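Architecture at a glance
If you want the building blocks of each chain, they are given just below.
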Amino acid sequence: SRRFFFYKRMTAYEMYQCDWSSDVCSSYLTVKALCEAAAHPGPSLVIAYSPCIAHGIDMSDMMGHQKMAADSGHWPLYRYDPRREVPGDHGLRLDSRKPTIAFKDFAMTEARFSMLARSRPEVADELMALAQRDIDDRWHLYEQMVEVERTARYGILDEDSEEEEPAEEESP
């Protein structure tokens, strides 16, 4: 939903954020993301996509379903660490590849979406097209955000590096 995306986007600017899906890229990436979040000196947020039986999927293939969510762009995998914001490096890392399957192909594997397609196909087609456009726009935004070089500084400034206040002039 747009509210959730807005929340994810805003938290990326405020704290280390790690967005991952269990075993989608590899268990190595999952462990790496969790270790990075645990090592961060401030608050860390890990958001995981975890389907449930209410989605109407075959729960024995949950890992495959999570991979499909990432491959469709419904759940892109990325990590953000403000400590990496140094000249020539970027804090935001896209761990997913560009979406390779249509959102509709992913959505039709879940009962909550396929029921709408069976009961009101014209509405479902319109909503699928809107969702695909949102995914495409969001992916384009993420590609741009990965290249942004931020100038904000994090951490405590050294006392030596603080600028001295100018001396007040005496009045005659």
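Analysis parameters
Residues numbered from 1 in each chain as written. Predicted model: local features only at pLDDT ≥ 70, side-chain atom pairs only at ≥ 80, totals over all residues. Heavy atoms only, no water. Buried < 20%, exposed > 50% of the residue type's maximum accessible area, 1.4 Å probe, protein only. Helix = DSSP H or I, 4+ residues; strand = E, 2+ residues; numbered from the N terminus. Contact = heavy atoms within 4.5 Å. Axes fitted to C-alpha atoms, helices over the stretch in contact; angles between N-to-C directions. Parallel < 35°, antiparallel > 145°, perpendicular 65-115°, else oblique. Nonpolar A, V, L, I, M, F, W, Y, C, P; charged D, E, K, R; others polar. Polar contact = N/O pair within 3.5 Å; in protein donor to acceptor, adjacent residues only side chain to side chain.

Remarks on helix α3 (residues 62-72)
Side chains three or four residues apart in an α-helix point the same way, a direct result of the helix having 3.6 residues per turn. Among the residues making up α3, those that are buried are His-65, Gln-66, Ala-69, Ala-70 and Ser-72. Looking at the buried residues of α3, the elements they touch are α4 (103-107) and α6 (121-147). A positive backbone phi angle near 90° is found at Gly-73, which sits one or two residues after α3.

Observations regarding the packing of helix α5 (residues 111-119) against α6
Two numbers describe a pair of packed helices, the interaxial angle and the distance between the axes. Contact geometry for α5 and α6: axes closest at 5 Å, N-to-C directions at 130°. In terms of axis orientation, α5 runs oblique to α6. Of the residues in α6, those touching α5 at Phe-113, Leu-116, Ala-117, Arg-118 and Ser-119 are Pro-121, Ala-124, Leu-127 and Met-128. Residue composition of the contact of α5 with α6, grouped by class: seven nonpolar, one polar and one charged.

Digging into the side chain of Ser-96
By the secondary structure assignment, Ser-96 is in the loop between β4 (92-94) and α4. Engagement of the side chain of Ser-96 in a polar contact is seen with the backbone nitrogen of Leu-77, the distance being 2.6 Å. If near-sequence neighbours (up to four positions away) are discounted, Ser-96 is found in contact with Trp-75, Pro-76, Leu-77 and Trp-139.

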